[in-house]
Amino acid sequence: MHTAITHFNTAIFLDRTLVGPSQIALPRGHECRINPLEHDCTARSVMFDLGSNTVRPLDILTDTWCSSGQFFANGTMVQTGGDSNGFTKIRTLAPCPASGDCDWVESTIETLTDGRWYSTNQLLPEGSRQIVVGGRGVFTYEFVPKRFPGEGAFPLQLLVETNDRENDNYYPFVHLLPNGHLFIFANRDSILLDYTTGKVVQQFPTIPGEPRNYPLSGSSVLLPLSFADGYSTASVLICGGGQAGAFDNPNGFNLPASQTCGRLEVTTTTARGAGSSNSEPQWLMETMPFRRVMGDMVLLPTGDVLLINGAQNGTAGWGKASNPALNPVRYQTFLHPAANRFQVLAPSTIPRVYHSTANLRPDGRILVAGSNTHQYDTFTGVFPTELRVEAFSPQYLSERYDFRRPQITAAPARITYGKEFTVTFSAPSRKDPFELHMASAPYTTHAYSQGQRLLILQVSDPVPVQQAAGAGAAGASRFTVTVTAPPNANVAPPQYYMLFPMQAGTPGNAVWIQMVY
């Protein structure tokens, strides 16, 4: 149900409690869930080692059903809310190497002001605080941790206005923009929020077409930010969704999902009412090769977007979808005209519908997991509970590109805003352009990756490394570049990022790098 990749090359898998035993017993010394609601000594969260494909059980004590989360600057996962006994809980997990014993810790001194189920988290520029937005029947936002003692929650009118009959505003899309404001999208409407004052500074036009948020689950990404314009231009891409009313319709599982994406530039616009209608931003609508609901959107190292998982008919929910979308689709972000941006890719044989996830790995593959359209683990019938994990390999990993695939051989562990640093890389042959792209590690759940972003860094021309005497010809394949770090925390909140080297559009393996003040 929930996945996040840590800077130790492990993945946190997190499901929910209160649904009976899983197939992984908790080892001795772990705490069973014993309370009036359950008596369960099996794991509902594990740490998955990307290198060995092994799992280590983790303790999760309260219900994390449809909860939310994000990493802090120091790499700690902060996980909030859920249902039942987890409604107001705040949990943390400080990751460790795969051989370690780190585990979930549930706070006994701090809780959410408002219980939150189906909410969204966004790391803020200070790196040690997150904003938590919305949830089922909750039209507010709050901060974790609080900014001052006694701070509560704050109303958000957008959530009131978008709360239709079937509540198509759960898991609102939230993106931190380079100007420090938050883009918040719910149902079909969106605003720009100055979270420091609580003021809505901009309202955007309604996106054409269907509702886009849970249960008519589309997805959203903040498209790559680039040094080329000083990281000043930000655009949001929203794809998929479901027909209005489908969730409550007995035949809703057969109704066609949305086939459109909307792209909106959200940083160089004029607030509604502040000027003529011509000054307002407009959604650029694009048509996908086929319909998709509950699809995940993953920013690839190249800056393109992968659309993967989901169904072509229906909505999110138990047994409410049909016709799985087995083919991933590549959205070519920088390609014009828009009509040619989509490319259909090789299909999976495993349906990934409700409660499935997709996350970028440091090796450039996509970790794909989950799918459970049932209230309890159900291993028979249509769309059985799925326990298999896959890795999707995009085309850029083909051996035919190995001749130009770069590998980072030296990079700093930490970088500071606006400062230069040096990266050394090797490659079988030099091909221009050489680039460095920095990708965050988001928290993925319910077709949305909270906190996902990718930055294209300013890089000097590669300079060959002086070959030591007797080192052989292999030394000629090493190069250094001078790199300028992002200018501020609005552009790149302090946290761990995957730093991908790129040559002529071909990425190599990423190294982890920490953005700090």
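Keep in mind that this is a model prediction, so the values were computed, not measured. (Residues numbered from 1 in each chain as written. Predicted model: local features only at pLDDT ≥ 70, side-chain atom pairs only at ≥ 80, totals over all residues. Heavy atoms only, no water.)

Caption draft 1: Here's a closer look at the sheet that holds strand β10 (residues 105-106). The strand order β7-β8-β9-β10 describes an open sheet built from four strands, whose pairing is antiparallel. Strands at the two margins of the open sheet, each flanked by one partner only, are β7 (68-71) and β10. (Pairing = 2+ DSSP bridges. Helix = DSSP H or I, 4+ residues; strand = E, 2+ residues; numbered from the N terminus.)

Caption draft 2: View of the pattern of salt bridges. In the structure shown here, the tally under the stated rule is 21 salt bridges. One salt bridge in this structure joins D114 and R116, with 3.7 Å as the shortest N-O distance. Overall, D114 belongs to the partly exposed group, its relative accessible area being 22%. The class of R116 is buried, set by a relative accessible area of 0%. A salt bridge links R361 to D363; the shortest N-O distance between them is 3.3 Å. The pair R361 / D363 is uniform in exposure class, with both members buried. (Salt bridge = Lys/Arg side-chain N within 4 Å of Asp/Glu carboxyl O. Buried < 20%, exposed > 50% of the residue type's maximum accessible area, 1.4 Å probe, protein only.)

Caption draft 3: Highlighting the sheet that holds strand β29 (residues 342-344). Strand order in the open sheet formed by four strands is β24-β25-β28-β29, and the pairing between neighbours is antiparallel. Two strands bound the open sheet, and with one partner strand each, they are β24 (296-299) and β29. Between one strand and the next, the sheet's axes are offset by a mean angle of 25 degrees, whatever the strand orientation. (Axes fitted to C-alpha atoms, helices over the stretch in contact; angles between N-to-C directions.)

Caption draft 4: Just the confidence of the model for the protein chain, in detail. Of the residues in the protein chain, 96% have a pLDDT of 70 or more, and the chain-wide mean is 94. A low-confidence stretch, residues 470-476 (pLDDT under 50), is modelled with five contacts involving residues beyond four sequence positions or located in other chains. (pLDDT = per-residue confidence, 0-100. Contact = heavy atoms within 4.5 Å.)

Caption draft 5: Inspection of the packing of aromatic side chains at higher detail. For the structure shown, the criterion picks out 21 aromatic pairs. Relative to F479, the ring of F425 lies with its centre 5.4 Å away and its plane at 25 degrees, an arrangement referred to as stacked. Pair noted here: F425 is in strand β35 (residues 420-426) and F479 is in strand β42 (residues 478-484), with a separation of 54 residues, a long-range link. Owing to a relative accessible area of 0%, F425 belongs among the buried residues under this scheme. The structure contains a cluster of three or more aromatic residues connected by ring pairs, namely W65, W117, Y118, Y170, Y171, Y214, W318 and Y354. A cation over a ring is seen here: K320 above F247, with NZ or CZ 4.6 Å from the ring centre. (Phe/Tyr/Trp six-rings, centres within 6.5 Å; stacked < 30°, edge-to-face > 60°. Lys NZ or Arg CZ within 6 Å of the ring centre and 35° of its normal.)

Caption draft 6: Broad picture of the pairing of strand β22 (residues 260-265). Bridge analysis of strand β21 (residues 235-239) against β22 gives five bridges, and the strand direction is antiparallel. Bridge assignment links C239 to a residue of β22, and that residue is C261. Summarising the sheet, β22 and strand β23 (residues 284-287) pair through four bridges and their orientation is antiparallel. Within β23, the residue paired with T260 across the bridge is T287.

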